[in-house]
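Below are the chains, spelled out letter by letter.
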Amino acid sequence: MTSDTLVAAAPAVPAAPHEFLHAQARWHWAEIAFWLATLLPFVLTPDYLALASQVAITALFALSLDLILGFSGIVSLGHAAYFGVGAYTAGLISVWGWGESLTGLVAAGLAAGIVGYITSFVIARFRHLALIMITLGFCLLLQEAANDANWLTGGFNGLQGVHTWKLLGTFEFDLYGYTAYAYALAALFLIFLLARRIIHSPFGLALRGIRENGARMPAIGAPTHSHIRTIYTIAAIIAGIAGAILTQTTETVSLEALGFQRSADVLVMLIVGGTGRLYGGLIGAAVYMVARDQFSGLNPQFWYFWIGLLLIAIVMFLPNGILGGLTSIAAYIKAKWAKAP
Amino acid sequence: MQKLLCGIAGFALALLGAGAANAQSSVKIGMINEYSGQFADTGAQIDHGVTLWMKQHGDTVAGKKIELVRKDTGGIAPDTAKRLAQEAIVRDHADILGAFSLTPNALAAADVSAQAKKFMVVMNAATSIITEKSPYIARTSSTTPQLNYTLGQWAAKNGIKTVYTMVSDYGPGIDAEVWFQKGFKDNGGQVVGSVRFPVANPDFSSFIQAAKDKNPDAIYIWIPGGAQPAAVGKALAERGIDTKKTKILGQDALASETALKSMGDIALGIISVSDYDYNHQSPMNQAFVKAYNDEFHRNPDFFSIGGYDGAHLIYAALEKTGGKADGDSLIAAAKGMSWESPRGPIMIDPQTRDIVQTVYIRRVEKVGNELRNVEFASFPNVKDPAHGAKK
Amino acid sequence: MLPALGVLFDGVAYGMLLFLMSVGLSVTLGMMNFVNLAHCSFAMLGGYVTVTLMNAAGWPFLATLPAAFVAGAAASVLLEHIFFSRFYNSNELNQCLLTIGIVFVSIAGAAYIYGTDQQPMQLPAYLQGSFNVGGVDLAIYRLFLIVVAALITAVLMATLESTRFGAQVRAAVNNQRMARGLGIDVDRLFAFTFALGGGLAGLGGGLAIPMLGLDPSFALTYLIYVLIVVAVGGLGSIAGSFVAAMLLGVADMAGKYYVPALGSVLIYLVMLVMIMWRPTGLFGRR
């Protein structure tokens, strides 16, 4: 069953492929409301801006995972590898003297993209458990290598001396986090637009086909391996950018940016939000991180317990993630309205 | 969904706002600590140390009520630690940051301390450079160079000519290796071999075997706490190391209470260096241990004392400033402060703001039916040798 | 040469331990395709049962091992009945999320009941120390581990090859639909196998304490190693898990002795090479 994005349902029988894509790509009012809501923390909860900026960064990371997992069916337990490469690249550039944010982002994205491109040749050839273990193994290896290269990465203590210049030359990264959140949110929005464009294109449709039945696609002329390599590289670039923003806004980067914990967390967040729906990663990141923050504040020793219960509850009652549940409710309401005279 | 979340957040903020109304007459300490995850036990001991002090001395100092705001980092997470420090200051109006068990977290939060000009007390993290990262940091625990240089020095001067070192391959372990070897070599010793093993290593037999092959006078082992000390003990026994012939040297975690319980009699003879053990024979410590046991039903350790003395420092500094809780006043008050702690006499160095204390060399012996660390040598007024020194 | 034999011996013992902890997951994953990431929680439960019985109730170590097995089996049956059976046909990601939720709850539960520090445990005197055989020190406990695991492996293989039950299991792993078509009650079979796997994990957890320690994060820390053994060995194959566990145990030990700088990297490298060479595992069928 193909998943749909948070967009008005396409006509039951699509008239022509291009019209189908155009219909899918129209902006739904809920989407506009969502993006307007992301501006609320500036006004309503300025004390939470530091958390908000980290949610935005994680949401961007989750979005990149959704592109490969939700839309292309590539299950990765090691996506943090690219996040980490981006994070360290941005950090190192700053330590070596160049602390400008936007060029740092580009460099980080490039570095992560190169690593992603090289690994994509291996990734494209495997599926199922083998793929999961290869992605996991690669990420673990990278983390070990980063620990060993502590002359470069700072090892366990983290990279010291990262200093980000004022954003665009004028905005200081303040204690409250106004600049950090604005920066992260802007990046998230722009890259989201790009991802949305990719998904609602013929290439995006091909990816969904590969997810549903990878063996069949070459029969209709879609170059599976090349598509997988492309989307994997794009996802790596986006993950790298997310990592760079984290480094730049917190002025710190350490080994856990590459860690298994980070890969596992983002996977959980994406599943919680709902895979293959573009907004799933964003919503999952927001829900999971805010829940964790609140549980942790209430009960620092045992918040694990509540988070575990939350996850179990979501799986049992919302099998398609939060977004899946919301779309079901919306469809149900629509059906009810349609019935009423 | 986003709206709902913001609504909830706004509501929570309103609740906190009600609490913040009392900000003028209270001083809040943001405890950036590990309450969950792998390091939860360390975090708990530090927290216990602080709460015991507060229980014994009341929660009011110089007319201000002291409140703890507990924040959980969950483990090694510098970005989270930095955010929590920011939130403690911005959201909870904390005047002081405390706890800090892990170096990466402390280093990240140091930036916040410097930017917001808040007094920060490091109660465990042991890497030297931490105090250099912000002019408002004071430390009440110990530093890795302080302890291990002293051990190396002692070893070289006490009949140990050759040593094989093995440490965990990450920041503190590497630090320990560098400074132990320095102390040892500076005093005439010879390092015949060294190895760094992976951090999460569960099995030490290969490494112990390699050490045994070189036949050194002593084997120096540095590991963090957790499951590893017991595994080391087992490996030593299995590989047939005779601790009377080949001395085993290490730092506090190798001979902690849990480690000794797990190792059993194999541990007899292990020589370790520390700033504190619950077995320290002084009336003040005996009272402290009894009070700690009454409250928490377990013995204090070197993590607890870091918390206990950290709280002492905060109280003493606030007394001296008459309740002024801004960073500049508190750090000025803290510099040069000295007092008698259950571990012995300690002082906050006025130049480096780091801890100056007595370092003890102990041996594991049987006391009654239990294995205890018995102190047999001590070095007073040891400063951290790394500050200002070129590595 | 002699130290190498010692290292080999240690590697085999470590491998045996990994095998005990992983075999259950391999079979259940292979048979029902159910991703049970909470598998190491059963191991952790077995460990805590052992420690509690020894420290609080004074049981001898050997007597606690069957109890650990029973605890693991009982917990598996309970969880399977309440949660897992609803998700057999669900997609793998949901199974992951469910079992991760259970892992979190189990970690918090263990921390609440036992606290967060290491559980101390003293082996009985007759299991401590080592034999010196021809210049090589062989640890008694590791010998014990190898003997126990070898016995269990023999029993498992015999069951699989020579009993009707074993034949049914093999059929269900090979082709579930066909097995159902032949009238084999796959669901009951699965519940039984799941219990067996959970029991073995519990036993492994109890045996692991002297070597790996025990604290609440055990459930997550060793999950990666177990997944590696299962993936390299092949889903649904006991022989595969055995060989993979041996390979990884020896590789890990040898790597640490001969090339310590590689550290834990060797185990991941070996895994990557093995999986790229045989994506379905050494003896896997899918």
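Read on for a plain summary of the structure. Note that this is a predicted model, so its numbers are computed, not measured.

**Focus: the overall build of chain A**
(1) Moving on: Each helix and strand counted, chain A has 15 helices and zero strands in total.
(2) Moving on: Taking 20 Å as the expected radius of gyration for a compact globule of 341 residues, we find that chain A reaches 20 Å, a close match to that expectation.
(3) Moving on: Taking the principal axes of its C-alpha atoms as reference, chain A extends roughly 65 × 50 × 40 Å.
(4) Moving on: Across the 341 residues in chain A, those meeting the buried criterion constitute 55%.

**Quick look at the overall build of chain B**
(1) Moving on: From N to C terminus, chain B includes twelve helices and 15 strands.
(2) Moving on: At 22 Å, chain B has a C-alpha radius of gyration in line with the 21 Å of a compact globule built from 391 residues.
(3) Moving on: For the C-alpha atoms alone, the extent of chain B along its principal axes is close to 65 × 50 × 45 Å.
(4) Moving on: For chain B, the proportion of contacts with a sequence separation of at least 24, taken over those separated by at least 6, is 70%.

**Focus on the interface of chain B and chain C**
(1) Moving on: Opposite the 32 residues of chain B that make contact, chain C presents 29 residues.
(2) Moving on: Of all the secondary-structure elements, those providing two or more residues to the side of chain B that touches chain C are helix 2 (40-57), strand 8 (190-197), helix 7 (205-214), helix 8 (228-238) and helix 9 (257-263) of chain B.
(3) Moving on: Ranked by the residues each element gives to the side of chain B that touches chain C, the list is headed by helix 7 of chain B, at six residues.
(4) Moving on: Here the side of chain B that touches chain C is composed, by residue class, of 13 nonpolar, ten polar and nine charged.

**Examining the nonpolar core**
(1) Moving on: Formed by 341 residues in total, the largest nonpolar core has its most connected members in Leu 60 and Met 133 of chain A, Ala 109 of chain B together with Leu 17 and Ile 228 of chain C.
(2) Moving on: Of all the elements, helix 1 (residues 2-32) of chain C adds the most residues to this core, at 17 residues.
(3) Moving on: There are two domains that each give this core at least three residues, and those are domain 1 (26-142 + 284-353) and domain 2 (145-274 + 359-382) of chain B.
(4) Moving on: When residues no more than four places from it in sequence are discounted, the contact partners of Met 133 of chain A are Leu 227, Ile 228, Ala 231, Met 271 and Ile 275 of chain C.

**Structural notes on the interface of chain A and chain B**
(1) Moving on: On the side of chain B, 35 residues touch chain A, which itself brings 36 residues to the contact.
(2) Moving on: Elements represented by at least two residues in the side of chain A that touches chain B include exactly helix 2 (29-37), helix 3 (40-43), helix 4 (49-69), helix 11 (224-250), helix 13 (279-298) and helix 14 (303-317) of chain A.
(3) Moving on: Broken down by element, the side of chain A that touches chain B gets its largest block of residues, four residues, from helix 13 of chain A.
(4) Moving on: Residues belonging to the side of chain A that touches chain B are distributed by class as follows: 19 nonpolar, 14 polar and three charged.

**Let's talk about the environment of Ile 266 of chain B**
(1) Moving on: You can see Ile 266 of chain B is positioned in the loop between helix 9 and strand 11 (271-274).
(2) Moving on: When the C-alpha positions of Ile 266 of chain B and Ile 361 of chain B are compared, they lie 19 Å apart, and in sequence the two are 95 residues distant.

The rules we used
Residues numbered from 1 in each chain as written. Chains lettered and ligands numbered in written order. Predicted model: local features only at pLDDT ≥ 70, side-chain atom pairs only at ≥ 80, totals over all residues. Helix = DSSP H or I, 4+ residues; strand = E, 2+ residues; numbered from the N terminus. Rg over C-alpha atoms; globule rule 2.2 N^0.38 Å. Buried ≥ 20, exposed ≤ 12 C-beta atoms within 10 Å, placed from the backbone. Contact = placed C-beta atoms within 7 Å. Nonpolar A, V, L, I, M, F, W, Y, C, P; charged D, E, K, R; others polar. Core = buried A, V, L, I, M, F, W, Y, C linked by C-beta atoms within 7 Å. Domains from an automatic or database assignment.

As far as function goes, none of this settles anything; it's purely spatial.
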